[in-house]
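These are the residues of each chain, in order.
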Amino acid sequence: MRSKHEFRSALTNFSQSLSRSVSDSTGQWAIKGFIDIYKNIYAISSDTKLVSKILEIHLLPKVLQFAEQNGFAVVLPEHQNYYPDLSFVAKDKQSTKYAVDFKTTYRLPNKPWLCNGFTLGSHGRYFKDRRSTKNIQFAYGEYSGHFCLGAIYQRTCKSLSEGTAAHQLADLRSIASAISNIQFFVAEKWRIASDRRGSGNTANIGSI
């Protein structure tokens, strides 16, 4: 798999199978919470940062399997604030690299055909100087393509405190999922980028 078009096509086909991998038959997220050694399950809220990180962990084994099947090694970022979330490096030609970022957002409650935006990475030093390695795993110019593997979902818990009580393992199936109706997509960053910042006064690219 050499070309950007081939990689995008394979990643898109892969993304279309992910909803079934992370949801039950009714469309509820299969993750119910986290468990301690006493078999208490603590349900999670629909806090966006929490959902995003747990969903990323939930998907990672599938992503690694996809990479292996298509002849890529996955390089994780050395530091927490490095771009991208995943670097796909071709095993037989290490100069072929693709950047993939996990992006999650929720549908607006009163306008479910619209979703909240997200950030698409920095427009700071490594973006302007494509040879810079500051806060990036490999220089921006080394990547043959920059992609978002995105998830759009519906919030089930409306408040951060809702659904955070402890439950017993026997009650697993009855615990309300924090999110539902998860839809995955793949897009090159430039296709969904906005001309506005994504957050406050930081150097982040916003999304449409």
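Residues numbered from 1 in each chain as written. Predicted model: local features only at pLDDT ≥ 70, side-chain atom pairs only at ≥ 80, totals over all residues. Heavy atoms only, no water.

Caption draft 1: Representation of the pairing of strand 2 (residues 40–43). Relative to strand 2, strand 1 (residues 33–35) runs antiparallel, the two sharing 3 bridges. When the bridges of strand 2 are listed, Phe34 appears paired with Tyr42. As consecutive antiparallel partners, strand 1 and strand 2 are separated by 4 residues, and within that stretch Lys39 has a phi angle of approximately 65°, a positive value. Where strand 2 and strand 9 (residues 166–168) come together, 3 bridges link them in antiparallel fashion. Bridge pairing in strand 9 places Ile41 opposite His167. (Pairing = 2+ DSSP bridges. Helix = DSSP H or I, 4+ residues; strand = E, 2+ residues; numbered from the N terminus.)

Caption draft 2: The arrangement of the environment of Ser180 in detail. Assignment of secondary structure puts Ser180 in strand 10 (residues 179–188). For Ser180, the residues in contact, after removing those within four places along its chain, are Gly27, Gln28, Trp29, Arg107, Tyr153, Gln154 and Thr156. (Contact = heavy atoms within 4.5 Å.)

Caption draft 3: Spotlight on the sheet that holds strand 7 (residues 119–122). Strands sit in the order 7-12-11 across an open sheet of 3 strands; the sheet is antiparallel. Lying at the two open borders of the sheet, with one neighbouring strand each, are strand 7 and strand 11 (193–197). Sheet twist, expressed as the average angle between the axes of neighbouring strands with direction ignored, equals 35°. Note: strand 7 against strand 12 (residues 204–207), 2 bridges, orientation antiparallel. Counted as the bridge partner of Thr119 is Gly206 from strand 12. (Axes fitted to C-alpha atoms, helices over the stretch in contact; angles between N-to-C directions.)

Caption draft 4: View of the pattern of salt bridges. Summed over all chains, the structure comprises 7 salt bridges. Measuring nitrogen to oxygen at the nearest pair gives 3.5 Å for the salt bridge that ties Lys53 to Glu56. Separated by 3 residues within a single helix, Lys53 and Glu56 lie in helix 3 (residues 48–69), roughly one turn from each other. Residues Glu68 and Lys91 are paired through a salt bridge, measuring 2.7 Å at the closest nitrogen-oxygen approach. Of this pair, Glu68 sits in helix 3 while Lys91 sits in the loop between strand 4 (86–90) and strand 5 (97–108), and the two are 23 residues apart along the sequence. Residue Lys91 is classed as partly exposed on the basis of its relative accessible area of 44%. A single network of salt bridges, built from pairs that share partners, joins Lys4, Arg8 and Glu188. (Salt bridge = Lys/Arg side-chain N within 4 Å of Asp/Glu carboxyl O. Buried < 20%, exposed > 50% of the residue type's maximum accessible area, 1.4 Å probe, protein only.)

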